[in-house]
Amino acid sequence: MILETNIYNKALIADIQVKEANLTVSDNFKNEMAALIDKGNKYIIVNFEKVMYVDSSFLGALVSSLKYAIANKAEIDVAGLNKDVAGLFQLIRLNKAFNIHASAVEAAINKS
Amino acid sequence: MATSKKILLVDDNPLVLEMMGRALNKEGFYCMKAISADAATELLKQERPDIILSDYHMPDVDGFSFRQNLIAIPEYKDIPFMFLTSEEDNDLMLKGINLEAVDYILKDTPLPVVVSKINNFLSTVREQHERTLKELSVAAMALNLHSVPQKLPVINGFEVDFWHRSYQNYPGGDFIDFITIDERYTFIVLGDVMGKKWGAWYFSFGFLSYIRAAVRICISEGNFSTKNILQKINDVVYHDPVVNDVLSSLSLVMLDAAESVITYSGAGDLPLLYYNSVDGNLQQIGSSGMLLGMLQDGDFDEVTLKLNAGDRFFMFTDGIIDFEGTSGKKTDYNTFVEAVTPYLNRPFSEFKRSDFLQEKTTDHIDDCSLIYLQKTI
């Protein structure tokens, strides 16, 4: 499993368990996200706290998950991006597609 | 810096694990160590080794079952696997070979022999792999499929060039094209299908076809707006069930050679780097567009710039700004800015030979593409 999940307030926090979020885990990540959305979770916070590096395959899987979430009337936010990953999100405008939070718990608390 | 070969060692005896690990480390291997098959499975989720060396006899899940479990998982099935054993029982070895274990090493084998056995095994696997790759590449060539141009366009008053390396010599998701409309207008296309290797490469042709078609249709209708062209491509990709689950970035530049003006729109791409020869400034030219096919409205914009003689442009994909640092992989746009700065008043051919790009060739971690445009007169 790439994701470890916990319910917090109204959110499902999905912690990414790998240091390098790359091609070798992107398909599994996408499948696990689809399963979480299929189970009816409507607000998922993907927590990148443990992630040091993200490649474009993984970002593709994340964006694909967002499209699937939107089609199923669910929301995906991201949290815990390190400086490099946050920089990359901004460079390719993913900050316009995702709400980005400093921490997953903070995001869950603030979700009304 | 060449990456050392990663070995996953699996043995229930901590002493063997430690001794073997240390010995292999000294020989330049990077060792991941697991005390059980379960622990090895956990490690595999985080990092993919080049080879697995596993003990036969282990409590709970033994070496055979571990191998059987791996064969059942597509992403682990192809990792070369060797049994490490003190057994000399021929039946056991045969059983191991039948499990596509391919080879075994006796634990009391002298270390230099172990190392050369591992190296031989890895080079056999690599040769086989390269043969397959070559056959596939020959097939792709026969079909005349290229995701980068075979020749450079000749544009009056401008020099255009590019540098491209694919990930581990696989064709990948990056694509480059120069679409010459007439003597005045040329479109420069740089895209990156998110993913690597064959899957991304396959889809790069789908995207390139849409882009070529959209450019030609818009131009034939008198529509010279890169923003409108991107939105048209986005509409098609968004609604097409074949590619709408695959995402791609795109930098689209239209060069008007007669007016020395470029118009640029981007979709989830990295900002272009622009060198203004008049004031000597280097600046990022960003765009607002989202990745192709991500949203119905891609929120595209358009930047227009008048170029003076000596001005230069660099367009590139994320492989150019990914690098392996001491603390792991990183992505940093500024590494490219720093690398290219000393070459701003020198021919692009010199930058192509720079240590920065040469290191990308030997140790890169993704497809890398860089397009260069200069106004010469």
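What counts as what
- Residues numbered from 1 in each chain as written.
- Chains lettered and ligands numbered in written order.
- Predicted model: local features only at pLDDT ≥ 70, side-chain atom pairs only at ≥ 80, totals over all residues.
- Helix = DSSP H or I, 4+ residues; strand = E, 2+ residues; numbered from the N terminus.
- Buried ≥ 20, exposed ≤ 12 C-beta atoms within 10 Å, placed from the backbone.
- Contact = placed C-beta atoms within 7 Å.
- Nonpolar A, V, L, I, M, F, W, Y, C, P; charged D, E, K, R; others polar.
- Pairing = 2+ DSSP bridges.
- Arc of directions from axis to C-beta.
- Core = buried A, V, L, I, M, F, W, Y, C linked by C-beta atoms within 7 Å.
- Axes fitted to C-alpha atoms, helices over the stretch in contact; angles between N-to-C directions.
- Parallel < 35°, antiparallel > 145°, perpendicular 65-115°, else oblique.
- Left-handed = near helix turned anticlockwise from the far one by under 90°.
- pLDDT = per-residue confidence, 0-100.
- Domains from an automatic or database assignment.
- Expected span 1.5 Å × (residues − 1).
- UniProt positions renumbered as here; feature names shortened; annotations may be inferred.
- Right-handed = clockwise from strand over helix to strand, strands pointing away.

By the naming in an unreviewed UniProt entry, chain B is Fused response regulator/phosphatase, taken from Mucilaginibacter aquariorum.

Under an unreviewed UniProt entry, the name given to chain A is STAS domain-containing protein, and the source organism is Mucilaginibacter aquariorum.

Novice: Quick rundown of the overall build of chain A? Include the residues and the values.
Specialist: A count of helical and extended segments in chain A gives four helices and seven strands. Counted from the first residue to the last, chain A has its helices and strands arranged as β-β-β-α-β-β-α-β-α-β-α. Principal axes of the C-alpha set define a box for chain A whose edges measure 30 × 25 × 25 Å. For chain A, the residues scored as buried account for 52% of the 112 residues in total. For chain A, the share of sequence-separated contacts (at least 6 apart) that also reach a separation of at least 24 residues comes to 75%.

Novice: Tell me about the interface of chain B and chain A, residues and numbers included.
Specialist: Contact with chain B, which involves 27 residues of that partner, is made by 22 residues of chain A. Of all the secondary structure elements, the ones that give two or more residues to the side of chain B that touches chain A are helix 2 (37-46) and strand 16 (328-331) of chain B. Sort the elements by how many residues they give to the side of chain B that touches chain A and strand 16 of chain B lands first, with four residues. Among the residues forming the side of chain B that touches chain A, the class breakdown is eight nonpolar, seven polar and 12 charged.

Novice: Which residues make up the sheet that holds strand 1 (residues 3-8) of chain A, and what are the values?
Specialist: Working definition: the strands of a sheet are paired by backbone hydrogen bonds and lie parallel or antiparallel to each other. Residues and elements named next belong to chain A. Read across the sheet, five strands follow the order 1-2-4-6-7 without closing on themselves; strand pairing throughout is mixed. The open sheet has two free edges, formed respectively by strand 1 and strand 7 (100-101), since each of these has just one partner strand. Looking at chain direction, strand 4 (residues 43-47) and strand 6 (residues 75-79) are connected through five bridges and run parallel. When the bridges of strand 6 are listed, Ile44 appears paired with Ile76.

Novice: How would you explain helix 2 of chain B if you had to name every residue and give the values?
Specialist: Of the residues making up helix 2 of chain B, those classed as buried are Ala37, Ala40 and Leu44 of chain B. Take helix 2 of chain B and look down its axis: the buried residues cluster within an arc of 55°, on one side only.

Novice: With reference to specific residues and values, describe the nonpolar core.
Specialist: Within the largest apolar cluster, 100 residues are counted, with the highest numbers of intra-cluster contacts made by Ile45 and Val46 of chain A together with Ile188, Phe314, Met315, Leu370 and Ile371 of chain B. A per-element tally of this core places helix 7 (residues 197-220) of chain B first, with 10 residues. The residues touching Phe314 of chain B, leaving out its near neighbours within four places in the chain, are Leu272, Leu273, Val340, Leu370 and Tyr372 of chain B.

Novice: Which residues make up the packing of helix 1 (residues 23-38) of chain A against helix 2 (residues 56-71) of chain A, and what are the values?
Specialist: The relative placement of two packed helices is expressed as an angle between their axes plus a distance between the axes. Residues and elements named next belong to chain A. Running from amino to carboxyl end, helix 1 crosses helix 2 at an angle of 15°, the nearest separation of the two axes being 8 Å. Taken together, helix 1 and helix 2 sit at an angle that is classed as roughly parallel. Read as a crossing pair, helix 1 and helix 2 show a hand that is right-handed. Residues Leu23, Val25, Ser26, Phe29, Lys30, Met33, Ala34 and Ile37 of helix 1 pack against Ser57, Phe58, Gly60, Ala61, Ser64, Ser65, Tyr68 and Ala69 of helix 2.

Novice: Just give me the short version of the confidence of the model for chain B, but keep the residues and values in it.
Specialist: Residues and elements named next belong to chain B. Per-residue confidence for chain B averages 86 on the pLDDT scale, and 90% of its residues sit at or above 70. Here helix 5 (residues 90-98) stands out as the element of chain B with the lowest mean pLDDT, 65, in contrast to strand 10 (residues 261-267), whose mean of 97 is the highest. Prediction confidence for the complex, expressed as pTM and ipTM, is 0.73 and 0.84 respectively.

Novice: Account for the domain arrangement of chain B, with residues named and values stated.
Specialist: Per the domain assignment, the segments of chain B are domain 1 (6-141) and domain 2 (147-375). Domain 1 of chain B and domain 2 of chain B are separated by 41 Å when their C-alpha centres are compared.

Novice: Which residues make up helix 1 (residues 14-26) of chain B, and what values do they have?
Specialist: With 13 residues, helix 1 of chain B extends 18 Å between its outermost C-alpha atoms, agreeing within 8% with the 18 Å of an ideal straight helix rising 1.5 Å per residue. Phi turns positive, to about 95°, at Gly28 of chain B, one or two residues after helix 1 of chain B.

Novice: Can you lay out the UniProt feature "modified residue: 4-aspartylphosphate" (unreviewed entry) in chain B for me, pointing to particular residues and giving the numbers?
Specialist: Residue and element names in this part refer to chain B. Sites flagged by UniProt as "modified residue: 4-aspartylphosphate" (unreviewed entry) map to Asp55. Along the polypeptide, Asp55 turns up in strand 3 (residues 51-55). Among residues more than four places away in sequence, those in contact with Asp55 are Val10, Asp11, Asp12, Gly63, Leu84 and Thr85.

Novice: So, the pairing of strand 6 of chain A: which residues are in play, and what are the values?
Specialist: Residue and element names in this part refer to chain A. Counting buried positions over the five residues of strand 6 gives four, a clear majority of the element. Where strand 6 meets strand 7, two bridges bridge the pair, whose relative direction is parallel. Bridging from a neighbouring strand, Val78 pairs with Ile100 of strand 7. Since strand 6 and strand 7 lie parallel, the crossover through helix 3 (residues 83-91) that links them has a hand, and here it is right-handed.

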